[in-house]
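Report on the structure
The lines below spell out each chain.
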Amino acid sequence: MNSDLLSGHMITGDGPVRINILVEGGRISQVSGDEIEPGPETARYEGIILQSLADMHTHMGDNLARGDLPPNLSDVVLPGGMKHEFLERTPRSQLTRSMRSSLDELGPGVSFTLDYRESGSKGLEVLNEALSFSDPMVFPLTRVVPGDDPKDLLERSAGFGIPSLSGDLDHLREITGKAGKIFSIHASETYREDAEALISLQPDQVVHMISGTISDWRMLAELKIPVAVCPRSNAAYGMRVPLKEMVAEGLILNLGTDNAISSRQDMFREMEHAWYLLRTSGITGENAARKIFEMASGWNLKETSLGRMITEYGIDISGEPPGIGQLANLSVIRYPASEKWLDAPFSHIVRFASRSDVLYTGRPRYMA
Ligand SMILES: [Zn+2]
């Protein structure tokens, strides 16, 4: 059985902890503050250990549609836009290659992603063709296109990732709940949508909400409905995520890289950009970095229905050292040159680390 020995400082909710972790066959087999004797075949990795990152909102199919990006969201990713033209007209083999390119970009340091898969049944098939065992775990969230049976789509996916608040969503919500799967929806991106209608659907995650009001955010916060925000994707169309204000209302926030056509699928870049958003609105230093890390690691999901479902798949989002037998959704990042990083560990990860610093990414398994 292949084994990996991870040694170094683990980033936990209580700060960095010195630790040694043995991973065998993708699961944790030993955890100790003392040295662990490696076997002759054991690969060793030393550095900063963290629970791998969680990309909470992607559309991975449109990587090969990249080019000069029109300035308006509506010309690119809304129905009829450049991205949908690409998805409809591109041969199947190219679509698979496009998905593969996104997975390669996303992979280092990331344990799982929620992919809001377009094109119904065909979109799920393309995703399955592109997946390999070296990828993050992908939770495909599907949507219904004419000719597809919603129940069939639900059986073949992790749930629904609905594009907007229109159509007969009550029925989809009902069958998703009965199946115990994820119901997620985009809302209030370029303009405000009806928050009461949104909440009546009891979504497990809402995407964007940047055009919501303070009272919309408060309602979502009270109901512990998490919101995935995508600061670089919004910035690509001239929009700004009011991150400080959303944090101030107690929203449970997570980060996503969104459409491949809009920005590189790179959670390290996403964290850095989000940190600058907080910094330029007055939240500074390590305090801002920790808030961003909590959004990027899945830690914020602990008390949500979505967090419970993700945990049921064996992914640990506790922010604590792992237990024996758990899936190894851990990454190791190269130690920085300066030991001063220990004074501000979250800043180091969020502001200064990049995917090229990732030495090891544990691969629990993937969902297909
Ligand atoms: Zn989206």
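Right above here is the structure, for reference.
In what follows, the accompanying structure is described. As a convention, each chain's residues are numbered from 1 in the sequence order in which they are written. Local features in this predicted model are restricted to residues of pLDDT 70 or higher, and side-chain atom pairs are both shown and tallied only at a pLDDT of 80 or more, whereas totals for entire chains, interfaces and linings draw on every residue. Think of the side-chain values as coming from all heavy atoms in the structure, minus any hydrogens and water.

Some remarks on the overall build of the protein chain
Threshold: Think of it this way: any DSSP run of H or I at least four residues long counts as a helix, any run of E at least two long counts as a strand, and we number them from the N terminus. Using C-alpha atoms as the atom set, the radius of gyration is obtained and then compared with a globule rule of 2.2 Å times the number of residues to the power 0.38. Relative accessibility decides the category of a residue: with a 1.4 Å probe and only protein chains considered, values under 20% of the type maximum give buried, values over 50% give exposed, and everything between is partly exposed. Should any heavy atoms of two residues lie within 4.5 Å, those residues are considered in contact. Only the protein chains shown count as cover for residues, and the accessible areas themselves come from Shrake-Rupley with a 1.4 Å probe. By the counting rule applied here, Lys and Arg register as positive and Asp and Glu as negative, while His and the ends of each chain are not counted. By convention, charge coordinates are those of NZ in Lys, CZ in Arg, CG in Asp, or CD in Glu.
In terms of helices and strands, the protein chain carries 14 helices and 15 strands. Relative to the 2.2 N^0.38 estimate, which gives 21 Å for 368 residues, the radius of gyration of the protein chain is 20 Å and therefore close to what a compact globule would have. Projecting the C-alpha coordinates of the protein chain onto the three principal axes gives extents of approximately 60 × 45 × 40 Å. In the protein chain, which comprises 368 residues, the share counted as buried stands at 57%. Expressed as a percentage of contacts within the protein chain between residues at least 6 apart in sequence, the contacts between residues at least 24 apart total 68%. By element, 48% of the accessible surface of the protein chain is carried by carbon and sulfur atoms, the whole surface being about 14,900 Å². One way to put it: in the protein chain the 36 positive side-chain charges average out to a point 2 Å from where the 50 negative ones average out.

Notes on the sheet that holds strand 4 (residues 43–51)
This is how the line gets drawn: In this analysis, strands are considered paired if DSSP registers two or more bridges between them. Structural elements are reduced to axes, namely lines fitted to C-alpha atoms, with helices fitted over the stretch in contact, and the angle between N-to-C directions of any two is expressed from 0 to 180 degrees.
Spatially, the six strands line up as an open sheet ordered 3-2-1-4-14-15, and their pairing is mixed. The sheet is open, and its two edges are formed by strand 3 (27–32) and strand 15 (358–361), each paired on a single side. Strand-to-strand twist of the sheet, defined as the mean angle between neighbouring strand axes without regard to direction, takes the value 35°. Relative to strand 14 (residues 330–333), strand 4 runs antiparallel, the two being bridged by four bridges. Note on strand 14: the bridge partner recorded for Gln51 is Leu330.

Some details on the coordination of the zinc ion
For a metal with four tetrahedral donors the ideal donor-metal-donor angle is 109.5 degrees, while six octahedral donors give ideal angles of 90 or 180 degrees. What counts, and what does not: Coordination partners: N, O, S within 2.8 Å of the metal, 3.2 Å for Na, K and Ca; water not considered, so apparent gaps in a site are possible.
The coordination sphere of the zinc ion contains the protein donors His57 (NE2), His59 (NE2) and His186 (NE2), at a distance range of 2.0 to 2.1 Å. On the primary sequence, the residues serving as donors to the zinc ion are separated as H-x1-H-x126-H. Of this pair, His57 sits in strand 5 (residues 53–59) while His186 sits in strand 9 (residues 182–187), placing them 129 residues apart in sequence. Overall, the relative accessible area of 0% leaves His57 in the buried class.

Here's the deal with the sheet that holds strand 11 (residues 227–229)
With parallel pairing, nine strands are arranged side by side in an open sheet as 12-11-10-9-8-7-6-5-13. In the strand order of this sheet, the two ends are held by strand 12 (253–255) and strand 13 (258–259), each with one partner. Bridge count for strand 9 against strand 10 (residues 205–208) is four bridges, and the pairing is parallel. For Ala187, the partnering residue across the bridge sits in strand 10 and is His208. Strands strand 5, strand 6 (110–116), strand 7 (137–142), strand 9 and strand 10 of the sheet are contacted by helix 13 (residues 305–312), whose axis makes an angle of about 120° with strand 6.

Quick notes on a negative patch on the surface
Using the following cut-off: Candidates for patches are residues over 30% relative accessible area with no salt bridge; among them, like charges are joined within 9 Å and nonpolar side chains (Val, Leu, Ile, Met, Phe, Trp, Tyr) within 5 Å. A pairing counts as a salt bridge when a side-chain nitrogen of Lys or Arg comes within 4 Å of a carboxyl oxygen of Asp or Glu.
Together, Asp34, Glu35, Glu37 and Glu46 make up a region of like negative charge exposed at the surface. According to the relative accessible area criterion, Asp34 is exposed, its value standing at 57%.

Side note on helix 14 (residues 345–352)
Taken across its eight residues, helix 14 has six buried, putting it largely inside the fold. All buried positions along helix 14 are accounted for by Pro345, Phe346, Ser347, His348, Ile349 and Val350. In this structure, the buried side of helix 14 is in contact with strand 1 (3–12), strand 2 (15–24), strand 4, helix 11 (267–279), helix 12 (285–296) and strand 14.

Considering the packing of helix 12 against helix 14
Note the following rule: Working definition: roughly parallel below 35 degrees, roughly antiparallel above 145 degrees, roughly perpendicular at 65 to 115 degrees, and oblique for all remaining angles. Working rule for handedness: look at the near helix, and if it is turned counterclockwise from the far one by less than a right angle, call the crossing left-handed; if clockwise, right-handed. Any residue outside Ala, Val, Leu, Ile, Met, Phe, Trp, Tyr, Cys, Pro, Asp, Glu, Lys and Arg is labelled polar, Gly included; the first ten of those are nonpolar and the last four are charged.
Taken N-terminus to C-terminus, the directions of helix 12 and helix 14 make an angle of 65°; their axes are 8 Å apart at the nearest point. It follows from the interaxial angle that helix 12 and helix 14 lie roughly perpendicular. Where helix 12 crosses over helix 14, the two elements pack in a sense that is left-handed. Only Pro345, Phe346, Ser347, Ile349 and Val350 of helix 14 make contact with helix 12, whose side of the interface consists of Gly285, Glu286, Ala289, Arg290, Ile292 and Phe293. Of the residues contributing to the contact of helix 12 with helix 14, the split by class is seven nonpolar, two polar and two charged.

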